[in-house]
Amino acid sequence: MVRNVVYLVVIGWFYVVLMMAVAEASNTTGTVLGAIVTFFLYGLMPIALVVYLMRTPQCRKEIKAREAAEARERSPSAVLSKTEQTSDQPDAGGHAPGAAQVDGVAPVREEP
């Protein structure tokens, strides 16, 4: 609600500056260059600054939320749950299946 009110103030200020520029251009002692300078210095630059400052806290919240979501995805419990979810799927790798090795050393056969 507060953000909408601030945007309304920005729109109102833009209208006031536009009317100032029109008055500057249409005055007998004014020029179009003066109107353009008035529009940029009193209008676009302050409006851009205010909108940037209003948007900064929201951007920080979005960045923190995105980082928290990525951290939840990288956590070991999330990896375990993903493994559990895909454990019923067949092996999609291109390698030949191998049997599980019980010992790391192959047994030696005795000669008779």
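Asks: Residues and numbers for the overall build of the chain, please.
Replies: Tallying secondary structure elements over the chain gives 3 helices and 0 strands in all. Its helices and strands in sequence order give the chain the pattern α-α-α, from N to C terminus. By the burial criterion, 12% of the 112 residues in the chain qualify as buried. Restricting the contact set of the chain to residue pairs at least 6 apart, pairs at least 24 apart contribute 44%. Surface accessibility of the chain: about 10000 Å² in total, with carbon and sulfur atoms responsible for 65%.

Asks: Account for the packing of aromatic side chains, with residues named and values stated.
Replies: Evaluation of the coordinates by the stated rule reveals 2 aromatic pairs. When the centroid spacing of 6.0 Å and the interplanar angle of 80° are considered together, the rings of Phe39 and Phe40 count as edge-to-face. Residue classification places Phe39 among the buried residues on the basis of a relative accessible area of 18%. The partly exposed category is assigned to Phe40, whose relative accessible area is 41%. An aromatic cluster of three or more residues is present, and its members are Phe14, Phe39 and Phe40.

Asks: Which residues make up helix H2 (residues 32-74), and what values do they have?
Replies: Under the 1.5 Å per step criterion, the end-to-end length of H2 is 58 Å for 43 residues, consistent within 8% with the ideal 63 Å. Along H2, the largest kink reaches about 35° and is centred on Phe40. Among the residues making up H2, those that are buried are Gly34, Ala35, Thr38, Phe39, Gly43, Ile47, Met54 and Thr56.

Asks: Lay out the environment of Phe39 with the relevant residues and their values.
Replies: Residue position: Phe39 is located in helix H2. Measuring from C-alpha to C-alpha, the distance between Phe39 and Leu18 comes to 6.4 Å, with 21 residues separating the pair along the chain. When residues no more than four places from it in sequence are discounted, the contact partners of Phe39 are Phe14, Val17, Leu18, Ala21 and Leu44.

Asks: Lay out the pattern of salt bridges with the relevant residues and their values.
Replies: All told, the structure shown has 1 salt bridge when counted by the stated rule. Taking the shortest distance from any N to any O, the salt bridge between Glu62 and Arg55 comes out at 3.8 Å. Since its relative accessible area comes to 39%, Glu62 is described here as partly exposed. For Arg55, a relative accessible area of 33% gives the class partly exposed.

Asks: A description of the side chain of Thr38 should follow, citing residues and the corresponding values.
Replies: Within the secondary structure, Thr38 is located in helix H2. The exposure class assigned to Thr38 is buried, which follows from its relative accessible area of 12%. One polar contact links the side chain of Thr38 to the main-chain carbonyl oxygen of Gly34, over a distance of 2.7 Å. Setting aside residues up to four positions removed in sequence, Thr38 forms contacts with Val17, Met20, Ala21, Glu24 and Gly43.

The rules behind the values
- Residues numbered from 1 in each chain as written.
- Predicted model: local features only at pLDDT ≥ 70, side-chain atom pairs only at ≥ 80, totals over all residues.
- Heavy atoms only, no water.
- Helix = DSSP H or I, 4+ residues; strand = E, 2+ residues; numbered from the N terminus.
- Buried < 20%, exposed > 50% of the residue type's maximum accessible area, 1.4 Å probe, protein only.
- Contact = heavy atoms within 4.5 Å.
- Areas by Shrake-Rupley, 256 points an atom, 1.4 Å probe, with all protein chains shown as cover.
- Phe/Tyr/Trp six-rings, centres within 6.5 Å; stacked < 30°, edge-to-face > 60°.
- Expected span 1.5 Å × (residues − 1).
- Bend = angle between axes of the 7 residues up to and from the residue.
- Salt bridge = Lys/Arg side-chain N within 4 Å of Asp/Glu carboxyl O.
- Polar contact = N/O pair within 3.5 Å; in protein donor to acceptor, adjacent residues only side chain to side chain.

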